[in-house]
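Listed below, chain by chain, are the residues.
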Amino acid sequence: MSRHQAVRNLDYEEVLDEYDGYEEEEDDDELSPEDKALMTQGTADVQAALSVEASKVTTKQIEEALWHYYYDIDKTVTYLVSKFISPPEKTPKASKAEKTTQTTNAQISPKPRESFAAFFRDMPWGNIPKHRETIFIPPQRPLVGGLLGGSGSPPKMSKLQKLAAARKKKAEEKSAQEAMEQTRTKMTELSVDDTQRAKENSPLAGAFGKRLKTSPSTAEGRNPLTPAEPIRAEVSQQPLEEISNEQATAPEPELVPSPEKAQPSSFAQTLFGYPSDAPKRKRMELYPLPYAYFAPSVLDAFSKPSPDDVVLAAQAKAGKKTVVPQTKKKGSSADAVASEVKGLKIEDAPLPRSKNLDVLSEFEKSESKKAASFVVVGHVDAGKSTMMGRLLLDLGVIDQRTVEKLRQEAEKIGKTSFALAWVLDQRVEERARGVTIDIATNRFETETTAFTILDAPGHRDFIPNMIAGASQADFAILVIDAGTGAFESGLKGQTKEHSLLIRSMGVSRIIVAINKLDTVDWSQERFDEIRHQVAGFLSATGFQAKNTTFVPVSGLNGDNLVRKSSDPAVSWYTGATLLEELENSEPNKRALAKPFRTTISEVFRSQQSPLSISGRIDAGSVQMGDAILVQPSGEKAYIKSILVDETPSDWAVAGQNVVINLSNIDPMHVRVGDIICDPAKPIPCVESFTLKALAFDFLMPMQVDVHRGRLHAAGKIESISALLDKVTGSVTKKKPKIVKPGMVARIVVKLGSKVPLEAGQRVVLRSGGETVAAGLLE
Amino acid sequence: MRFVSKKQSLTAIDPAAGLALLPTEPEDMWHANNLIAISDIVKAHAVRKVAMTGSTGSVTTERVHTDLTIRVTSTFFDPAASSLHVSGVVIKENAWVNIGQHHTLDLELQRPFTIWKNDGWDTVALQTLTEAVNDDKPEALVAVVMQEGIANICLITDFQTLIKQRVESSIPKKRSTAKETSGGMTAFYEKTLSTMLRAVDFSSPRPLLLASPGFIAQDFRAYMQSQGVLRADKRLQRIAKDAVVVHSSTGYVHSLNEVLKSPEVQATMRDKKFTSESKLIDQLYERLRKDDGRAWYGRDPVEKAVMEGAVGRGGGVLLINNAFFRSLDVATRKRYVALVDKVKEDGGEAKVLSSDHESGERLDALGGIAAILTYPLYDLDEDEEDHDQQEGSAHGEDIEGVEVI
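Residues numbered from 1 in each chain as written. Chains lettered and ligands numbered in written order. Predicted model: local features only at pLDDT ≥ 70, side-chain atom pairs only at ≥ 80, totals over all residues. Heavy atoms only, no water.

1. Points about the overall build of chain A
So, step 1. Assigned secondary structure in chain A consists of 27 helices and 23 strands.
So, step 2. When each of the 778 residues of chain A is scored for burial, the buried share is 46%.
So, step 3. For chain A, contacts bridging at least 24 residues in sequence account for 70% of all contacts bridging at least 6.
So, step 4. Surface exposure of chain A reaches about 39500 Å², of which carbon and sulfur atoms provide 53%. (Helix = DSSP H or I, 4+ residues; strand = E, 2+ residues; numbered from the N terminus. Buried < 20%, exposed > 50% of the residue type's maximum accessible area, 1.4 Å probe, protein only. Contact = heavy atoms within 4.5 Å. Areas by Shrake-Rupley, 256 points an atom, 1.4 Å probe, with all protein chains shown as cover.)

In structure tokens form, the structure reads like this:
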């Protein structure tokens, strides 16, 4: 159509009309009758929609709004509500909270607490019933004045420690915040979004189904809202403007008759209790929650300190251990969590404090029984373990029932006679093979003495273990099998080697138990024959006759162990029983005044400490809180507590068998055979040493194993400096080519690695499974 | 190792032309280390960084591949990696390097090198060469020497004992319950097994020795077997089945001696070089014990004995560590070569023991050189004033009244 035609066709009337209309609109005051009708109608509608809230807005405001929204009731209501009814400042907050929840990883806003409160304002858990609120109990504090008598002030922290603590705290806070963030997101997902909840219905049923099955109204409780109710909960799907409206109206239950909020999930309800508003509560009553089924005692259970706390506190009191303040569990509200995190202070466990006792005078004051330890040696299958098992049984250290149980177990693998030995042989391999492999320790007390048994293995392969045991002993019981042939083979075997070894370890008192004499009808001739041979051999080894006694025994039956044999066949023996002989023996003098030294025989974890060691104190004394040095690693540690014969003690002295709990050290640095010592006077670690050695076999430059207690190291004889005179110790020949058995020589031994050794220690050299020499370090 | 030229033979080595050799397997590096003595001349492929000045005066450095000829001043052999570094002074100029500059050659597998012996091919060098070019090489033997908490995984070839790995683990002792102990042992076995399978290539069957005091080796073998079944690993089952369990007194490496002596090993590996060497050392120690004047150790007594012709026909054996021929000055080397030649001349046996073997280590303890004589000789010790008779009487003495102990 051409422009001309368009102009021609123009309807002037219409154009004018339109113009008029425009003119009319310009004029505010004048309304057309239709408009007026619409306006009246709309105002009434809006007022109805706003119901009670209508009083808060004037008719004029409604009319104006209606005019602007061109009589759209809905929009008007929205506008009015946002503008006048609900506080205007709420709007941005609500939307902000909405945003935060949608972006899970968002940083926490500068004032998180305020916005949380605003966000959770309408949530049911905002008002937890009083009775269900957690009662926080302050952690048990150590007694005022410090554990070991020091001041109550916290331990001084070095700069590094402070830095570490600050970092730890920071990390703690951060993780707590993250956790909060997550929880919040989860909560929104669970409770606000209705559609999503509907979707989650089935997994929820899965998770809680089992518990909820019992409640009849489950289904109703989880139903989506009824269609009659205005769907107001779809907050997140609606435009922002509307959200603010919805949220703003939300807290007015009277205005909106039905519950517009999503149902809190059962999880949330379990956690936070019933929501406060009336309609909700009514609804809740319909179905009891699993939580409600709990006995009141369960609720009470958490109002007190947990059993763990109680135990810890008790331990702290008894074992004088500090309780590190427990990290509290996160509370229900974000505020609580935040404040707790703030209040959380990580304290390093303070070092154990020394009581600064004069241990030696304490030791003199203490009127303890004399303590002695003895090693039980002898050829393999001489009956060492069985004899000790019988001894313990007869002394009542173990009861008959235990032995019966062991007997049954032993019967199962067809080794009934091993039952008594199993009292000491506890390892699986030991029981399966009927051979003692490692030293077993046990204790018993008589009226005068507390004894420690060290049951040594007899098999030649385990001589290193036997050496470890012998190094801890004051005296020895040499068990000899009197059986025909057995004695003879034993004398060639470990009977000889063991007695050589215990002599070279410094044991001078020996009790010879001639065992299994019942198998030869308690023959006195056999006893005398053995006695004669062994006595000769022992005196050759260096045992004095007055330190050697012989007792005929039956380890299996217990004759002459604790009680005198009632067998008339052994009436010829009038001497003491084995136990009496033990009591007659004097333990060695203790090197109390020397610097502290202990060879570690065992390293293990115990309940008191992640790192405990045991062993006999070789020299010196030690008390709780002392610093010690572990050699050869050179690591320092502190003594957390000491057990002497399994009873806690503040101190220990040389000769006692102790368990020491260490702190401030990595278990990696502590191995069996290491030596713990006084850091002020540490034992040196050497790579080569000079030894005044008595040769049991030919010595020449060769590879040897070096044994000192538990310590076992590989090395070689580097050179033989001189042959020495046995009595005077003067040099008889320089640089000999070879040392013959029985000769004394000064030799230089080079070790494969650094080993803690010092002058005056007794060392055994072995080679190819044979003991070749023993001697003193120079 | 093989000759580069097919025409080359052991008998006709032209000292002037040099000998071109091609190392083909890692152990050849060990042989090369024994062959190359100080002041020998070695020509091999080299990578050298060369600084060049351009026409404008700018200096650029470049890595150039070239052949270099050096006079050896020192060698370094890394047994674990089987690599050999030969340092020396360049004696032949080329486009990149001037005479007198220092260079360290890294000998590589499958790269030929040429060697000129400074003092000709002596008997010891020839013997080493013979061993080196010998194609007939038995499989290396794997030995695991263990005790409670310690395991040494070794690879024993004809010339070396390589300690591949050492496993250490702490095992709770008796105080703790029995259950914990066995748990500790199982953890130890597991650690050992996984370390062994990692350290040693079992893709071709090779003999495995398990040695320990007590029952540990047995238990370990049983553990391997059960693991093989558990993992349905046929190879592991086979390894466990073929493993030989031997007794040893400790878990340290020097217990390998006992292992190699044991009848089980002797039966299976009779033809191995190290077993015969080990036996010889045992003989020597046995004679030393007897002190019958037929066994001597140390340089001076042995030299005296050899010069007297006491190490000759009828059981005379000279044992000498190959380390003696490696990094000594020419004069000392010649002296030892002369000893070897003299023994051979007298009809005795001259054994060059590998110092990388346990037998070599034992010999090393005796000063690296020892001899079994055909007839007894006394008073070979130079500072010997006393007589053997005195020693004999001392031997007869009783050992009672020992106060020094």
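2. What to know about the sheet that holds strand S1 (residues 2-3) of chain B
All names here are of chain B.
So, step 1. Reading across the sheet, the seven strands line up as S1-S2-S7-S3-S4-S5-S6 and stay open at both edges, with antiparallel pairing between neighbours. In this open sheet, the two strands that pair with only one neighbour each are S1 and strand S6 (102-107).
So, step 2. Relative to strand S5 (residues 83-90), strand S4 (residues 59-78) runs antiparallel, the two being bridged by eight bridges. Residue pairing across strands places Asp78 opposite Ser83, the latter belonging to S5. (Pairing = 2+ DSSP bridges.)

3. What about the environment of Arg563 of chain A?
All names here are of chain A.
So, step 1. Tracing the backbone through its elements, the reader meets Arg563 in the loop between strand S6 (548-552) and helix H27 (578-584).
So, step 2. Given the relative accessible area of 37%, Arg563 is considered partly exposed.
So, step 3. C-alpha separation for the pair Arg563 and Glu580, spaced 17 residues apart in sequence, amounts to 9.5 Å.
So, step 4. Every residue in contact with Arg563, bar those within four places of it in the chain, is listed here: Asn557, Gly558 and Thr577.

4. Considerations on the packing of helix H25 (residues 494-504) of chain A against helix H26 (residues 524-541) of chain A
All names here are of chain A.
So, step 1. For the pair H25 and H26, the least separation of the axes is 10 Å and the interaxial angle reads 35°. Considering how the two elements wind past one another, H25 and H26 form a crossing that is right-handed. On H26, the residues that touch Thr495, Lys496, Ser499, Leu500 and Arg503 of H25 are Phe537, Leu538 and Thr541.
So, step 2. Here the contact of H25 with H26 is composed, by residue class, of three nonpolar, three polar and two charged. (Axes fitted to C-alpha atoms, helices over the stretch in contact; angles between N-to-C directions. Left-handed = near helix turned anticlockwise from the far one by under 90°. Nonpolar A, V, L, I, M, F, W, Y, C, P; charged D, E, K, R; others polar.)

5. What about the pairing of S6 of chain A?
Residues and elements named next belong to chain A.
So, step 1. Among the five residues of S6, five are classified as buried, and the element is accordingly described as predominantly covered.
So, step 2. The two faces of S6 match: Thr548, Phe550 and Pro552 on one face and Thr549 and Val551 on the other face are all buried.
So, step 3. For strand S5 (residues 509-515) and S6, the ladder comprises five bridges, and the chain directions are parallel. Bridge pairing in S6 links Ile510 to Thr548.
So, step 4. In this view, the connection linking S5 to its parallel neighbour S6 by way of H26 has right-handed handedness. (Right-handed = clockwise from strand over helix to strand, strands pointing away.)

6. Observations concerning the sheet that holds strand S10 (residues 161-168) of chain B
Residue and element names in this part refer to chain B.
So, step 1. The strand order across the open sheet built from five strands is S10-S9-S8-S11-S12, with neighbouring strands paired in mixed fashion. Bordering the open sheet on either side are S10 and strand S12 (244-247), each of which pairs with just one other strand. Neighbour-to-neighbour, the strand axes of the sheet open up by a mean angle of 20°, direction not taken into account.
So, step 2. Two elements, strand S11 (residues 208-212) and S12, share four bridges in a ladder whose sense is parallel. If you follow Ala211 over to S12, its bridge partner there is Val246.

7. Some words on the pairing of strand S18 (residues 703-708) of chain A
Residues and elements named next belong to chain A.
So, step 1. Among the six residues of S18, six are classified as buried, and the element is accordingly described as predominantly covered.
So, step 2. Residue alternation in S18 divides its side chains into two sets, Gln703, Asp705 and His707 and Val704, Val706 and Arg708, and both sets are buried.
So, step 3. Two strands pair when backbone bridges link them, and S18 and strand S19 (residues 711-724) are joined in this way by six bridges, in the antiparallel orientation. Paired with Val704 across the strands is Gly715, a residue of S19.
So, step 4. Both S18 and strand S22 (residues 762-767) contribute to a ladder of three bridges, which runs antiparallel. Bridge pairing in S22 links Val706 to Leu765.

8. Some remarks on H25 of chain A
All names here are of chain A.
So, step 1. Most of H25 is tucked away: 10 of the 11 residues are buried.
So, step 2. All buried positions along H25 are accounted for by Gln494, Thr495, Glu497, His498, Ser499, Leu500, Leu501, Ile502, Arg503 and Ser504.
So, step 3. Phi for Gly506, located one or two positions after H25, is positive at around 100°.

9. Here we look at the environment of Asp72 of chain A
All names here are of chain A.
So, step 1. Summarising the element assignment, Asp72 is placed in the loop between helix H4 (59-68) and helix H5 (73-85).
So, step 2. With relative accessibility at 28%, the residue Asp72 sits in the partly exposed group.
So, step 3. For Asp72 and Val46, which are 26 residues apart along the polypeptide, the C-alpha to C-alpha distance reads 9.5 Å.

10. Digging into the environment of Arg431 of chain A
So, step 1. Checked against the element boundaries, Arg431 of chain A lands in helix H22 (residues 428-433).
So, step 2. For the pair formed by Arg431 of chain A and Glu409 of chain A, sequence separation is 22 residues and the distance between their alpha carbons is 9.9 Å.

11. Comments concerning the packing of aromatic side chains
Aromatic ring pairs: the centre-centre distance and the angle between the two ring planes describe each pair.
So, step 1. The final tally for this structure, using the stated rule, is 13 aromatic pairs over all chains.
So, step 2. Taking the centre distance of 6.4 Å and the plane angle of 80° together, the rings of Phe451 of chain A and Phe475 of chain A count as edge-to-face. With Phe451 of chain A in strand S3 (residues 449-455) and Phe475 of chain A in strand S4 (residues 475-481), this residue pair connects regions lying 24 residues apart in the sequence.
So, step 3. We classify Phe451 of chain A as buried; its relative accessible area is 1%.
So, step 4. With relative accessibility at 0%, the residue Phe475 of chain A sits in the buried group.
So, step 5. One residue, Arg503 of chain A, lies across the ring of Phe543 of chain A, its end atom 5.8 Å from the ring centre.
So, step 6. Lys117 of chain B extends its terminal NZ or CZ atom over the ring of Trp121 of chain B, reaching a point 5.7 Å from the ring centre. (Phe/Tyr/Trp six-rings, centres within 6.5 Å; stacked < 30°, edge-to-face > 60°. Lys NZ or Arg CZ within 6 Å of the ring centre and 35° of its normal.)

12. A short note on the interface of chain A and chain B
So, step 1. Facing 64 residues of chain A, the contacting portion of chain B comprises 52 residues.
So, step 2. Across the chain A to chain B interface the summed buried area is about 5100 Å²; carbon plus sulfur atoms make up 55%.
So, step 3. Of all residues in chain A, Gln703, Lys726 and Lys737 of chain A give up the largest surface area on contact with chain B, accounting jointly for 15% of the area buried on that side.
So, step 4. Measuring nitrogen to oxygen at the nearest pair gives 2.8 Å for the salt bridge that ties Arg433 of chain A to Asp219 of chain B.
So, step 5. Taken together, the links from chain A to chain B amount to 11 residue pairs in polar contact (both at pLDDT 80 or more).
So, step 6. At the level of secondary structure, the elements contributing two or more residues to the side of chain A that touches chain B comprise H22, H26, strand S8 (602-604), strand S17 (685-695), S18, S19, strand S20 (731-734) and strand S23 (770-777) of chain A.
So, step 7. Of all the elements, S19 of chain A adds the most residues to the side of chain A that touches chain B, at five residues.
So, step 8. When the residues that make up the side of chain A that touches chain B are grouped by side-chain class, the tally is 28 nonpolar, 14 polar and 22 charged. (Buried area = accessible area lost by both parts, 1.4 Å probe. Salt bridge = Lys/Arg side-chain N within 4 Å of Asp/Glu carboxyl O. Polar contact = N/O pair within 3.5 Å; in protein donor to acceptor, adjacent residues only side chain to side chain.)

13. Describing the pattern of salt bridges
So, step 1. By the definition in use, this model includes 27 salt bridges over all chains.
So, step 2. The shortest N-O distance in the salt bridge between Arg460 of chain A and Glu770 of chain A comes to 4.0 Å. Of this pair, Arg460 of chain A sits in the loop between S3 and helix H23 (463-470) while Glu770 of chain A is found in strand S23, placing the two residues 310 residues apart along the sequence.
So, step 3. Its relative accessible area of 33% is what places Arg460 of chain A among the partly exposed residues.
So, step 4. Arg746 of chain A is paired through a salt bridge with Glu778 of chain A; the nearest N and O atoms lie 2.7 Å apart. In this pair, Arg746 of chain A is assigned in strand S21 (residues 744-756) and Glu778 of chain A in the segment after S23, connecting sequence segments 32 residues apart.
So, step 5. Look at Arg746 of chain A and you get partly exposed, because its relative accessible area is 24%.
So, step 6. Members of the salt-bridge network, linked through shared partners, are Arg671 and Asp674 of chain A together with Arg166 and Glu168 of chain B.

14. Here we look at helix H9 (residues 299-307) of chain B
Residues and elements named next belong to chain B.
So, step 1. What H9 keeps buried is the set Pro301, Val302, Glu303, Ala305 and Val306.
So, step 2. Those residues of H9 hidden inside the fold are in contact with strand S13 (295-297), strand S14 (317-321), helix H10 (330-345) and strand S16 (369-372).
So, step 3. In the stretch just after H9, Gly309 is the one whose phi turns positive, near 80°.

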